[in-house]
Amino acid sequence: MHLLSTDAHTGGVNSDLAFSGDLAFAGHYGGFRVIDIAEPGEPVELADVHCNGPQGDVSVWGDLLFLSVDTPQSTPGCEGSRNVTAATPGAWEGVRVFDVSDPAAPRFLQAIRTDCGSHTHTLVPREDGGTYIYVASYPLSASNIGPDCQAPFERISVIDVPGGDATAGLAAKVVAEPSITGIDPFSGASGDFFACHDIQVLTPRKLAAAACLSQGQLWDISNPLAPRVTANIDTPDVDIWHSAAFTHDGKHVTFGDEYFGPAREPFGAIWTYAVDDPSTPLSHLRIPRAEPSTYHNFNYVPVAGRNILVSSAYGSGTSVVDLTDPRNPKEIAYYDMRSNQWSTYWYNGLIIANDISRGVDVLRFSGPETAGARHLPMLNPQTQTFLLR
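Residues numbered from 1 in each chain as written. Predicted model: local features only at pLDDT ≥ 70, side-chain atom pairs only at ≥ 80, totals over all residues. Heavy atoms only, no water.

Novice: Quick question: what am I supposed to make of the overall build of the protein here?
Specialist: Within the protein one finds one helix and 30 strands. Referenced to the eigenvectors of the C-alpha coordinate spread, the extents of the protein come out at roughly 55 × 55 × 45 Å. Taking all 389 residues of the protein together, the buried fraction comes to 61%. For the protein, contacts bridging at least 24 residues in sequence account for 55% of all contacts bridging at least 6. A total accessible area of about 14100 Å² is found for the protein, and carbon and sulfur atoms account for 51% of it. Taken as two groups, the 23 positive and 44 negative side-chain charges of the protein have centres that lie 4 Å from each other. (Helix = DSSP H or I, 4+ residues; strand = E, 2+ residues; numbered from the N terminus. Buried < 20%, exposed > 50% of the residue type's maximum accessible area, 1.4 Å probe, protein only. Contact = heavy atoms within 4.5 Å. Areas by Shrake-Rupley, 256 points an atom, 1.4 Å probe, with all protein chains shown as cover. Lys, Arg positive; Asp, Glu negative; His and termini not counted. Charge placed at Lys NZ, Arg CZ, Asp CG, Glu CD.)

Novice: Please explain the pattern of salt bridges as it appears in this structure.
Specialist: Throughout the structure, instances matching the rule amount to 14 salt bridges. Here Asp115 makes a salt bridge to Arg113, at a shortest N to O gap of 2.9 Å. Taking the relative accessible area as the measure of exposure, Asp115 reaches 8% and is therefore buried. The class for Arg113 is partly exposed, based on a relative accessible area of 45%. Taking the shortest distance from any N to any O, the salt bridge between Arg306 and Asp322 comes out at 2.6 Å. Of this pair, Arg306 sits in the loop between β22 (298–300) and β23 (308–312) while Asp322 sits in strand β24 (residues 318–322), placing them 16 residues apart in sequence. Judged by relative accessible area, which is 31%, Arg306 ranks as partly exposed. (Salt bridge = Lys/Arg side-chain N within 4 Å of Asp/Glu carboxyl O.)

Novice: For this particular structure, what's the right way to read the sheet that holds strand β12 (residues 157–161)?
Specialist: Strand pairing in a sheet relies on backbone hydrogen bonds, with the paired strands running either antiparallel or parallel. Taken together, the four strands give an open sheet; going across it, the order is β10-β11-β12-β13, and neighbouring strands pair in antiparallel fashion. Both outer strands of the open sheet, β10 (120–125) and β13 (173–176), are each paired with one neighbouring strand and no more. The sheet shows a mean angle of 35 degrees between the axes of neighbouring strands, taken without regard to direction. Across five bridges, strand β11 (residues 131–136) lies against β12 in antiparallel orientation. Opposite Tyr134, over in β12, you have Val158 as the bridge partner. (Pairing = 2+ DSSP bridges. Axes fitted to C-alpha atoms, helices over the stretch in contact; angles between N-to-C directions.)

Novice: Help me out: how do you make sense of the nonpolar core in this one?
Specialist: One recurring pattern in soluble globular proteins is that nonpolar side chains are buried together. Core analysis: the biggest nonpolar cluster contains 17 residues, and Ala209, Leu218, Trp241, Phe246, Val253, Phe255 and Tyr273 have the highest contact counts within it. Mapped onto this core, the elements with two or more residues apiece are β15 (207–212), β17 (228–233), β18 (241–246), β19 (252–257) and β20 (270–274). Residues contacting Leu218, with those up to four places away along its chain left out, are Ala208, Ala209, Arg228, Val229, Thr230, Ala231, Ile233, Phe246, Val253, Val275 and Pro278. (Core = buried A, V, L, I, M, F, W, Y, C linked by side-chain atoms within 4.5 Å.)

Novice: Before we go on, may I ask you to explain the pairing of strand β26 (residues 341–347) in this structure?
Specialist: The side chains of a regular strand alternate between the sheet's two faces. When you tally the buried positions in β26, you get seven out of seven residues, the bulk of the element. From the end of β26 to the start of strand β27 (residues 350–355), which pair antiparallel, there are two residues, and Asn348 there has a positive phi angle of about 50 degrees.

Novice: For this particular structure, what's the right way to read unusual backbone geometry?
Specialist: Of all residues except glycine, most have a negative phi; of all peptide bonds, most are trans. With an omega of 0 degrees, the peptide bond between Pro54 and Gln55 qualifies as cis. Here Gln55 lies in strand β6 (residues 55–61). Looking along the chain, the bond that leaves Glu265 and enters Pro266 is cis, with omega of 5 degrees. By secondary structure assignment, the location of Pro266 is in the loop between β19 and β20. Phi is positive for Lys206, close to 55 degrees, though the residue is something other than glycine.

In C-alpha cells:
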C-alpha cells in the first residue's frame, strides 16, 4: 500500500464518497467537495460547497448529486443552521439535490424532506434512466425525535428521480414509505426493532442487504417500492450492524459491525454469509491493531475470480482483505494513517479514503490480487449494478 497524495480538508468532519469519471465527491458535515483525481499524485479541489447539515452521505446520478442531512436545520437551503429541533416550526432534514454538470460550480436545486431525515441513502437505478433512492434514517438524537421520527422507526423513504439532469432533480419526490420489520435479537420480540443504518443493493439479482441497528437483513427488491424481508441475520457478537457489500459474483454478502467498546474478539469484525443461506456466518475477521478497531465503509474490487474487500477502519487506517475463500479471510495489506478513516473504496486502480479530520487520501495497492479489475465510469459504493463470473 502506497500513499500517493492527500487533498487536505480540516476543521470539520469528513464522511462518505462517490465517484464519476475522474471526479471524487467527498461529503462532510458542512456540505461536500468536488476533487479531480485524474492525476492521483496531485488531486485538485474544484469546489467546496458549504451547505450546513450532517452527515454528508453523497451519491451521484448523471448531472445530479444527492446529499443526506440527518439533523434538523432551520431551513431546507444551504444557509440554514442546526440550532433547532424537529419540533421547531419550519425545521427541515432529508436529502438535498444539486446540479453538478459544472463540477467547479455546483448548483442547489431542491431539498426533499424525509421522516427522521437521511442518515444514509442508496441509489436503485432503473432501466428508464431514472433511479429510486432508498433513504435510511432513524431517531439519531433527541433533536430529531418528533411526531414523524420515533422508535421503533420501522420504515424507509423512497425518492423517485425521473432522470439524471437538473429538470429531473427538481422533479424528485418521495413516492413511498415502505414498512421494514424485524426481530430485535436482544428482546426476541417484534416492535423493539430499530431502523436501518445503511443499505446495499445488487440490482442484477434484485437484492438488498440492509445493515440495521439490531440485525442484518436481506431484502427482495423485485418491487423496489415495496422491499420484502427474506432473511433476518442475528448474532449477539454484533454491536451495531453498520454497512454491507455483496461480492461481485453475487454469492456472498459481508456485513460490518461498528463497535466502540474495549478490545474484544470478535466485536467490530466483518461477517460474511452465503446469500442463498445466511443462517450462519461463514467467517468473521477483526483488525488486531489500533482502537477503536472496526470495519466502517467498504466495497469489493470488481475483479473476476477473487473477492478482495477494501475498507476504512477508523483508527486502524485502510485495510485490504482477501475473502476469496469466505471461510478464511486474510488481511493482505493495510495503511495506517495514524488518524481516523471514515470511508475507503476501490475505484479504477486507486484506493480513495476520506479521513475524518484530514481530508481525502489517494492510495495504491500494488499486489497481484487486483490485476484485471474492471474500470468503471462511475461508482456509488452502495449500488452494485453488475455481476462478474
